[in-house]
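Summary of the model geometry
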Amino acid sequence: MNGDIKCKHIMIKNWRLVMDGRMHRFPLRILGTPHISEAGCRQILSPRIQAATLMAQHRTQTTKAVIFDLGGVVVPSPLAAFLEYERKLGLPKGSISRTVVESGDSGAWNRLERGELTLSEFADKFTEDVSARAGKRADMSGLLTYIGNGLTTPHQSIIDAVKSLRIEGLKTALLTNNWAMEGEGPNRIMDRDLFDVIVESSKVGTRKPERRIYEICLQQLDVKPEESVFLDDLGVNLKAAKAMGIRTIKVTDPDKAVLDLEREVGGLCLRRFVDGTTTVPEHLRIPMDRLETFFNQKLNLHSTEPPVLRCFQHGQSNPTYYVYYAGQHLVLRKKPPGKLLPSAHAVEREFKVMNAVGQFGVPIPKMYGLCEDSSVIGTPFYIMEYCKGRIFKSLHLPGMTYQERRDIYFAMADTLCKIHQVDISKAGLDDYGKKGGYLKRNIVRWSKQYEASKTEEIEAMNKLMDWLPKHLPEREAVTIAHGDFRLDNLIFHPTKPEVIGVLDWELSTIGDPITDLCTCLLNYYMPANFPMITSFQNMDVASLGIPSVQEFMDIYCQRMGIPSIPSWDFYVAFALFRFAAIIQGVYKRAISGQGSAPNSKLVGEFVLCIICICTLGQGSAPNSKLVGEFAKLMAEEGWKIASNSNLRPTVSMAGGGIQLGNTGGKRNYSTSSEGAVNQMTVSPKGLSPRAKNLYDKVKDFIEKEIKPAESEVMEFYRQEQNCWKVCPTVNRLKEKAKAAGLWNLFLPKEADPEMKLGAGLTNLEYAFMCEEMGKVPLSSEIFNCQAPDTGNMEVLVRYGSEQQKRQWLTPLLNGEMKSCFGMTEPKVASSDATNIESSITRERDHYVINGHKWWTSGALHPNCKICIFMGKTDKSAATHRQQSMILVPMDAPGVKIVRPLSVFGYLDNPAGHAEVIFENVKVPLDNMLLGEGRGFEIAQGRLGPGRIHHCMRLIGNTERAMELMLERTQNRVAFGKPLAAQGTIQQDVAKSRVEIEQTRLLVLKAAHMMDNYGNKVAAPEIAMIKVAAPNMALRVIDRAIQAHGGGGLSEDFILAGMFSWARVLRLADGPDEVHLRSISRQEYRKYNLSKL
Ligand SMILES: Cc1cc2nc3c(=O)[nH]c(=O)nc-3n(C[C@H](O)[C@H](O)[C@H](O)COP(=O)(O)OP(=O)(O)OC[C@H]3O[C@@H](n4cnc5c(N)ncnc54)[C@H](O)[C@@H]3O)c2cc1C
């Protein structure tokens, strides 16, 4: 017995599975054994697949390929274009087609189609021919372009038929008489990949109806004439094909031709193609008349056309159909026919849970109705909406950008949280499962299953069966658990990173939510180097933008309001154990090939399992031996995790925020500096050599170059005539800093991983440099690290189009221009940006902007050229989808600076804070950032780093204040001793040091969190420092001012300016109250969840 299949009368020579809309062929050996019997084959394959295979075999004997003509079949006939062109030139009707026919093979048209004439040769010759026949000059030089312009939209019914044929395993060809147009041809009209073979007359030098061109086509298809069907609108072409033995269909109406083709290919359904669907196999057919009656009576849907039904093949053991009826795209899901275990295939449960959770914000398709009456179509079924969207089968999301992948994964995390946040009682799901004991029950269940199916001793399984019950988590949360929550069970919006439907609720119950979290992260733990599996263990997913396990978990925890996930190792080990047990069970059934009627549940699991394996993989053909090894490998991976785990809770990094989780788990993504992954550096000494070197240079430059120029610059701006000018010293220092490479230090590594634009520092590394800049506030401008340019540049890096980047980002990065950010409005409370009243109205090829803004920092700078403007594009949209951000050039007509605003008398010139009116300002459509309605999204991305920089600089401000205070109090004598000798002054110094140190640690922690877990996860810490840092700075600077006496309030010292700025920061990045509100909400959420 060798590894080949020994089923003799095999209806199953090759096992086919359709995924990604492509056909995958697996030798039956995939089933994992060379000893497989025919009975075994029959038993393990679901009836659906058996029937589909039978059908496929029948078809292969009759039709193997379908050949389509282009013009007149796939796209409209060019004949109409001939007539119009004639009319345009005032030629008698039929002049062109008559010339084509009558000139025959030696005529210009036929020679063009055989590729014998160039386009210009054809134009001359054909003009001659047609003119001669028409008896007047008829310029034919524009004819081909004219025809080409009309051939743009293919017939959808034909495209659907082509796709349907391919998914059924038939080959397709395009056989077209055409002419050579550079870079165009069929490409321009449709996706070439739709066809296995494309034969173009102009390329092969022969044209229809010449026999040779059909031979070439059949040869390339590798089929005999009688195994093919040919569709054309011209009788002469069909006649020639028929003479060779090819079956033919004359196309007059494409929709009708598809019906004819369906008959010709043995009743396959070729209409209304939907990805992943095929013809309904015989045994799964549904009485259409009864279904139609159901639609009419129960759903009030009516049509003169009967429903079109197609069968989904992806991952369900419950037959699922796509239904098109009365203009509606629907999905019907039913129990399989035959005898079933009582608990299996409970579509009623699915309907119930989907209906219930849908009302609590979980995205699910619209549910139309459940029919429990088996007499209607044989089994209970339900109808839901067919969601048109994207399903991602490849977990590493090929073809997407870094940010798109991140967004997709974060949307997945969001959706999982929505499921787990459903209130079971309010949703009426109290009886949907047992509350509690889920993990224990499942360990027992899968242990028994494994014991009953083991074919050899898998040591790792035995160890896991011993280890898991002993390490059950102390507390188990109770929520709705989806049971199979994976990326490919989610339908995403066609263009946005938004889940619009969660599918496959078959395994859902009341259970432990962390098992769902673990299921969707299982790829990170799958055995590496296993050919069929996409294991993230050996993939640099971080560089792709896919969040690490830790990032994903942190997002999950944050959204769920839980501090961390204790016992994560347990959950991973459990998930791998469960998977191994399922595979082992299936393997056993496969090789035993015994038993009476197939156990449909197990068959379902098998299909699920194989599909699981294949969807986790990248479509490479599996190898039987490896599949046989699979259960063992999974168990071994599980045991590896379990045996290396200490499962002790880790030190909480987050006072009030997120617990970083189990130390047992390793992070495989971090923007931390090298050598410092997961360790928070609390001093510049702990920086990586590269960052430390840069830090030293920054410090040195500030000390030697900027600080000495500080008073000169301040003096320059004290002169009224210089108020809104750029101080030449500043420009000189900027050039010097740039030349020294001390430039654009702010741009976080995460936004610029290849360090093309900035210094590639992490937020933490930058924090130390920012602190130095805070000591001499002028510095941030010198290093091109000044707000609001920093935030604006980051917006452009993250969300700008290539053109926007070229036009605005590059000069900003070069320090050649300045920018401002216009959100706040005098008439509304702008701390709540949903209040913003400015409008951005689309009018033909531009937007019109109207709004009144104030506190627009930077707008008065002589080099300020661009404003990122926030306004409403759609006041009727959802609250957070009304706003957009758009780029408005400051020199556009209608932009009027009303006045500069001062803060406690400080103008903060030359950048200033302006009141600005935007009146009917027109900007091109291309100036929109990211898209209409995405303003809030951008605001979220902008606020993290921009805000933290202020806090970092505030630490520097306070260090400078301390320095001044220490110096002044030792040199000033009052009541017979230096001020420094006064106890109150000493207390002020000591208190200030305590507060600075506390705040610095919190700021560094926020930076560390941003680097390691992302801005969203770090949001609570960012909010905390925004409150802590300015308030601390106000206290410390105030003490320093007090110690300076009257001088402290004057412009002679920098203290008054720093105090005013710290006060600004209790408002400018959002008032304290708003941040405190979000911190407290997070606290309540966490507490309430911990009580679950
Ligand atoms: C110097 C400076 C520079 C600025 N630069 C810019 C800039 O470049 N671009 C820009 O768009 N904006 C800028 N701003 C504006 C700043 O962002 C806003 O002032 C801030 O968001 C508050 O909005 P508001 O002034 O409309 O106050 P309001 O929204 O009217 O709030 C007033 C007060 O109401 C209270 N309050 C608000 N919400 C709550 C709550 N939830 N709970 C309890 N109390 C609450 C707070 O005490 C708050 O201070 C700047 C402001 C200053 C002072």
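This report concerns the structure included in the present document.

Cut-offs and rules
Residues numbered from 1 in each chain as written. Predicted model: local features only at pLDDT ≥ 70, side-chain atom pairs only at ≥ 80, totals over all residues. Heavy atoms only, no water. Salt bridge = Lys/Arg side-chain N within 4 Å of Asp/Glu carboxyl O. Helix = DSSP H or I, 4+ residues; strand = E, 2+ residues; numbered from the N terminus. Buried < 20%, exposed > 50% of the residue type's maximum accessible area, 1.4 Å probe, protein only. Near = heavy atom within 4 Å. Polar contact = N/O pair within 3.5 Å; in protein donor to acceptor, adjacent residues only side chain to side chain. Areas by Shrake-Rupley, 256 points an atom, 1.4 Å probe, with all protein chains shown as cover. Nonpolar A, V, L, I, M, F, W, Y, C, P; charged D, E, K, R; others polar. Arc of directions from axis to C-beta. Phe/Tyr/Trp six-rings, centres within 6.5 Å; stacked < 30°, edge-to-face > 60°. Lys NZ or Arg CZ within 6 Å of the ring centre and 35° of its normal.

Another point: the pattern of salt bridges. Scanning the model with the defined rule gives 63 salt bridges in all. Asp 466 is the partner of Lys 470 in a salt bridge, and the nearest nitrogen-oxygen pair spans 3.1 Å. In this pair, Lys 470 and Asp 466 both sit in helix α19 (residues 459-470), four residues apart, roughly one turn of the helix. Looking at Lys 470, the relative accessible area reads 60%, which means it is exposed. Each of the salt bridges in this network shares a partner with another, and the network as a whole consists of Asp 105, Arg 111, Arg 114, Glu 116 and Glu 210.

Attention now moves to the site of the ligand. Taken together, the neighbourhood of the ligand is formed by 19 residues, with Phe 821, Thr 824, Ser 831, Trp 855 and Ala 1068 sitting nearest. Within the backbone of Phe 821, a nitrogen or oxygen atom sits 2.8 Å from a nitrogen atom of the ligand. Between the ligand and Thr 824, the relevant distance is 2.6 Å, taken from a nitrogen atom to a side-chain nitrogen or oxygen of the residue. The protein chains hide 71% of the 970 Å² of surface that the ligand would expose on its own. Of the residues belonging to the shell around the ligand, the class tally is 11 nonpolar, six polar and two charged.

Take helix α13 (residues 254-264) next. Residues that lie three or four places apart on an α-helix share one face, since the helix turns once every 3.6 residues. Every buried residue of α13 is listed here: Pro 254, Ala 257, Val 258, Leu 261 and Glu 262. Burial along α13 is one-sided: seen end-on, the buried residues are contained in an arc of 150°. The distance from a side-chain oxygen at the start of α13 to the backbone nitrogen of Asp 255 is 2.9 Å, and the residue carrying that oxygen is Asp 253. Just past α13, the residue Gly 266 takes up positive phi, approximately 75°.

Moving on to the packing of aromatic side chains. For the structure shown, the criterion picks out 23 aromatic pairs. Ring centres of Phe 82 and Trp 109 lie 5.4 Å apart, and the angle between their planes is 85°; this geometry places the pair in the edge-to-face category. Placement of the pair is Phe 82 in helix α3 (residues 79-89) and Trp 109 in helix α5 (residues 108-113), with a sequence separation of 27 residues. When sorted by exposure, Phe 82 lands in the same class as Trp 109, which is buried. Measuring from centroid to centroid gives 5.2 Å for Phe 295 and Tyr 325, while their planes differ by 20°, and the two rings are stacked. Remark: Tyr 325 occurs in strand β10 (residues 320-325) and Phe 295 occurs in helix α14 (residues 288-298); sequence separation between them is 30 residues. Tyr 325 matches Phe 295 in its accessibility class, with the two residues each being buried. Aromatic ring contacts, followed pair by pair, group Phe 82, Trp 109, Phe 122, Phe 126 and Trp 179 into a single cluster. Against the face of Tyr 432 rests Arg 349, its NZ or CZ located 3.9 Å from the ring centre. Lys 853 extends its terminal NZ or CZ atom over the ring of Phe 869, reaching a point 4.8 Å from the ring centre.

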